[in-house]
Amino acid sequence: MEEAEFDDFYTASFQRITGQVYAMIGNRDEALECVQEAFVRAWAHRRKLDRAEHPEAWVRTTAYRLAVSRWRRTVRGRRPADRAVGPAVETAAPSEAHVALVAALKQLPEAQRQALVLHHIADLPVHDVAREVGVPEGTIKARLSRGRAALAALLTDEEGLSHA
């Protein structure tokens, strides 16, 4: 992948991948950092990345794995307590529906959350989700079905509580 082609790829997919990783891990700042790091790694491998090899899936998978690794380090206490503090960044407040969705997704098992995000937010067909996650299509279909049912129940419960 040439430099100009990589720039176009980055511009076209950064926000989308960030949103997808955010939906999977539930922390926007972590998602931004992990996606940025994944693109740095993609840049180092840009000559190997070919559009036919799904570079967006490569970056998304790399960012997700980085997030999982960071979480593991945090749980184990190896991560420094204070990271370099940068200037405050202005971002629009998320809508109530967005906050409710992310909160509900956090309550789902990781496998169901990942399947739902890749299929419904990343808009990948079932066979692509199965390939990216490394499980059979039937497993993804089951995770999607169970995840949608659980998500519907969680969102219905939250709506019922907010109207009470």
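Residues numbered from 1 in each chain as written. Predicted model: local features only at pLDDT ≥ 70, side-chain atom pairs only at ≥ 80, totals over all residues. Heavy atoms only, no water.

Thoughts on unusual backbone geometry
Trans is the prevailing form of peptide bonds, just as negative phi is the prevailing case for residues other than glycine. Positive phi, normally seen in glycine, also occurs at Asp123, with a value near 60 degrees. Its place among the elements puts Asp123 in the loop between α5 (110-121) and α6 (126-133). Given the relative accessible area of 63%, Asp123 is considered exposed. (Helix = DSSP H or I, 4+ residues; strand = E, 2+ residues; numbered from the N terminus. Buried < 20%, exposed > 50% of the residue type's maximum accessible area, 1.4 Å probe, protein only.)

Looking at the pattern of salt bridges
Two side chains with opposite charge may pair up if their charged atoms get near one another. Summed over all chains, the structure comprises seven salt bridges. One salt bridge in this structure joins Glu33 and Arg70, with 2.6 Å as the shortest N-O distance. Taken together, the positions of Glu33 in helix α2 (residues 28-44) and Arg70 in helix α3 (residues 55-76) put the pair 37 residues apart, joining distant regions of the chain. Put simply, Glu37 and Arg41 hold a salt bridge, and the shortest N to O gap is 3.1 Å. Within this pair, Glu37 and its partner Arg41 are both found in helix α2, separated by four residues, close to a single helical turn. Taking the relative accessible area as the measure of exposure, Glu37 reaches 31% and is therefore partly exposed. Judged by its relative accessible area of 38%, Arg41 falls in the partly exposed class. (Salt bridge = Lys/Arg side-chain N within 4 Å of Asp/Glu carboxyl O.)

Remarks on α6
When we look at burial in α6, the residues that qualify are Val126, Asp128, Val129, Ala130 and Glu132. Just beyond α6, the residue with positive phi is Gly134, at close to 85 degrees.

A few points about a negative patch on the surface
Taken together, Glu2, Glu3, Asp7 and Asp8 make up a surface patch of like negative charges. Looking at the secondary structure, you find Asp7 in helix α1 (residues 3-25). (Patch = residues over 30% accessible without salt bridge, like charges linked within 9 Å, V, L, I, M, F, W, Y side chains within 5 Å. Areas by Shrake-Rupley, 256 points an atom, 1.4 Å probe, with all protein chains shown as cover. Lys, Arg positive; Asp, Glu negative; His and termini not counted. Charge placed at Lys NZ, Arg CZ, Asp CG, Glu CD.)

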